[in-house]
Each structure stands twice: as structure tokens, then as C-alpha cells.
Amino acid sequence: MLIDLIKGHGSGNDFLVIDEIANAYSFSESERAEIARLLCNRSSDLGADGILFIMKSDHAEGRMRVFNADGSEASMCGNGLRLVARYVCEMLGFQEAIIETMKADLKVSKQEDIFVNVTTYQVEISPVSFHLADLPLNLNEDNLLNEKIPELSDELTFSALAVPNPHLISIVETEQLKSDIQKQISEKVNNPNELLPDGVNVSFVKSLEKGSIYVNTFERGVGFTNACGTAMSASSLVTCLQGLNEVEEIINVYNNGGKVQCVVHESEENYSIDLIGNATYLYKAEVDIDLGSEKFVVSSKEDFTEQSTYEKLQAEAQAYLRGAGL
Ligand SMILES: N[C@@H](CCC[C@H](N)C(=O)O)C(=O)O
């Protein structure tokens, strides 16, 4: 089977984008999961954190389905949605669009470049739920905001929310970021367990100064990634709830792959978050896949020239983080 794809990234969270609208692919459900496992494998000629399948929607400009590197499907992906936003808007010649995702139709729009010549999109992160049943997180309470979970740590506090994919967030200090506590907790809750039976994305967040935070995420279905868009959005909201940042104001979110901006909106006890950041293309390729033998070859590959500009944004973000002792 021949498949055309684009490899791209949002804050270094990298994806293979497969257009099922323009190409007459007819994948079965199990094939999408197998393609994700095969092509995302980092020891192969491609490798990525996940696959974004762009499909027709009967009521929106496009539909996104997200598969993690392990073949599991996620309900949402913030960094990936920026790539899908770019692809669909450029295909249709639009500045804004609605993209159907598993649980919501979300607004996306092209924005002024966040850094010189870095193509930038804003995506809506919504709906937000603090009900533990929506993650699910099995505790004897309805929600968890800045509280301890003794099964996971005696020292850390956690907040849990679904945006709508599940996130567990802990606001920590540099010492905890540099320890292996995050890895231990993440592996525990992403292996079979009764507390979080579907696994969870685990983020450690450090408040840097008013309006700036650093977020490091262990992603469900992937492992540690350079950045996770929904995690950065959920973390921004948690810092607002804890009085570290303000709703309706720009929050600079630094990560290991660069920087994005988030703005938290509040209306009648509901929250949504705007996630603004790069949508960078690395290369386009054609792959010849044999799912039976679980093998593929890259039959052609052509580089885009955007990454060198993106690296300037990344260098600036890294210099800021070094100055903050990270
Ligand atoms: N990288 C994504 C989130 C991808 C899905 C996640 N691993 C999950 O299983 O919920 C993002 O940018 O939000």
C-alpha cells in the first residue's frame, strides 16, 4: 500500500499527517492503529509521537483522528491540531476553520507568526472537565485540585482534568523536575492499574515568573515528548486556578521543544483554552507499507525548508530556560 504523508511538528511534538480527503485511502480501524505502530517506531526510517489522520467531516471543514505511537487512539491532540489546522486551511485557502475531533468541533485559525517566519496557528482546547469520572481517575471524590494522591507520592500534590483527553498535573520545583519521580509515577499510571485504568498524560509544571511556566510531559501511549499541547493548555488553566497566572492573559509556556502561548477563558464555570504556536513541516514522503509483514520502505522524501527558522525560536526558548536554571 502506497501512502503519501507529511512529517511535521508543534513544539517538537512530531507527527505524520495522512490526508484521507485528497487521497482515496480506505483504512480499516485496525489498519490505522497498525500504521501508527509501524511508522511511529523511532528505530524505523520515519518515527514520530503519533499519526494525524485528516478525514472528511459532514459538518466541519475537516476531521482529525489522532493515534499515539503505541496504536492507541486519543480523543484530542493540541500540537497535532495546529498541523491539521494548517493543512486544512491551506488546502481550502481559509484563514480559519472548524475541525471535528472525537468529542468536539473546535475552532482553529491562522495567526501572526509567533516568531519571525514561523507559521503559527491557534486552536481551541475544549471541553474541559474536572469530573474524575471523565478521565477516569478512581478516587472517592468528584474532583482533585492540588491534592495529594498517597498511592502516587507522599510529597507531591496533583490536579486532574480532561480537556477532553486525561491529564494529571503537578506543580513542582526544579529539584523535583530534575529527579526521576515523574518517570516513576508516569510508568505506574500508564501500566495496568486500578487508579487510572485508561492511563493518563502526566505533567510536571514549574512556575517561572508571572505569565511564564515550564511544562514537561510524559504522554500516554508515547512516553516523554518534547511537548504536549493539551497538557500545556491544562497546565495553564491549573496555574490560573492556583493564582499563579490570570485568565484572559497570555501565558508563555516553555517546553523542551520550544515555546507556545496559552490564553485561558472562563465563562459560567466553563473553561476553554486557546493554544497558539508553530505548525512546522519537516518533509513530505511516500511510503510503501506491507502490513502483513509489518515492514515499510520510504520510496521518496522531499525536505521543506522551515525547520532552520524554527530552530531560532527554540534556541531563544532554551536560553530563557537556562537562565531560569532549567
Ligand atoms: N501530543 C498531544 C496529545 C496526544 C494524545 C495523548 N498522548 C493522549 O493519549 O491523550 C497534544 O499535543 O495534545
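Residues numbered from 1 in each chain as written. Predicted model: local features only at pLDDT ≥ 70, side-chain atom pairs only at ≥ 80, totals over all residues. Heavy atoms only, no water.

(A) Summary view of the domain arrangement of the protein chain. Taken as a whole, the protein chain is organised into domain 1 (2-118 + 279-321) and domain 2 (132-277). Computed from C-alpha coordinates alone, the two centres of domain 1 and domain 2 are separated by 23 Å. Contacts between the two partners involve 26 residues from domain 1, matched on the other side by 29 residues from domain 2. For the pair domain 1 and domain 2, the summed buried area comes to about 2000 Å², and 56% of that belongs to carbon and sulfur atoms. Ranking the residues of domain 1 by area buried against domain 2 places Ser11, Ile114 and Tyr320 at the top, with a combined share of 27%. There are zero salt bridges connecting domain 1 and domain 2. Connecting domain 1 to domain 2 are 12 residue pairs in polar contact (both at pLDDT 80 or more). For the side of domain 1 that touches domain 2, the secondary structure elements donating two or more residues are α2 (78-92) and α6 (307-323). (Domains from an automatic or database assignment. Contact = heavy atoms within 4.5 Å. Buried area = accessible area lost by both parts, 1.4 Å probe. Salt bridge = Lys/Arg side-chain N within 4 Å of Asp/Glu carboxyl O. Polar contact = N/O pair within 3.5 Å; in protein donor to acceptor, adjacent residues only side chain to side chain. Helix = DSSP H or I, 4+ residues; strand = E, 2+ residues; numbered from the N terminus.)

(B) Quick peek at the site of the ligand. Residues in close proximity to the ligand total 15 residues, the closest being Asn13, Gly78, Glu219, Gly229 and Thr230. Interatomic distance of 2.6 Å between a backbone N/O atom of glycine 229 and an oxygen atom of the ligand. Between an oxygen atom of the ligand and a side-chain N or O atom of threonine 230, the distance comes to 2.6 Å. Of all the secondary structure elements, the ones that give two or more residues to the shell around the ligand are β2 (13-19), α2 and α5 (229-241). Residues from two domains meet in the shell around the ligand; each of domain 1 (2-118 + 279-321) and domain 2 (132-277) gives at least three. (Near = heavy atom within 4 Å.)

(C) Structural detail: the environment of alanine 319. Looking at where alanine 319 falls in the secondary structure, it is placed in helix α6. Under the relative-accessibility criterion, alanine 319 is labelled partly exposed at 38%. C-alpha separation for the pair alanine 319 and glutamate 266, spaced 53 residues apart in sequence, amounts to 33 Å. (Buried < 20%, exposed > 50% of the residue type's maximum accessible area, 1.4 Å probe, protein only.)

(D) The arrangement of the pairing of β2 in detail. Burial analysis of β2 places seven of its seven residues in the buried class, which makes it a mostly covered element. A two-sided burial pattern is seen for β2, the buried positions comprising Asn13, Phe15, Val17 and Asp19 on one face and Asp14, Leu16 and Ile18 on the other. Here strand β1 (residues 2-10) folds back onto β2 in antiparallel fashion, the turn holding two residues, of which serine 11 has a positive phi close to 55°. Relative to strand β3 (residues 50-55), β2 is paired through five bridges, and the arrangement is parallel. (Pairing = 2+ DSSP bridges.)

(E) Main features of helix α4 (residues 181-189). All of the buried residues in α4 are Ile181, Gln182, Ile185, Ser186 and Val189. Looking down the long axis of α4, one finds its buried residues gathered within 120° of arc, a one-sided arrangement. Considering only its buried residues, α4 is in contact with α3 (174-178), β11 (201-209), β12 (212-219) and β13 (223-225). (Arc of directions from axis to C-beta.)

(F) Expanded view of the environment of alanine 160. With respect to the secondary-structure elements, alanine 160 resides in strand β9 (residues 159-162). Since its relative accessible area comes to 0%, alanine 160 is described here as buried. With 145 residues separating them along the chain, alanine 160 and phenylalanine 15 place their C-alpha atoms 26 Å apart. Excluding its chain neighbours within four sequence positions, the residues that come into contact with alanine 160 are Phe130, Leu132, Leu135, Leu137, Leu144, His167 and Leu168.

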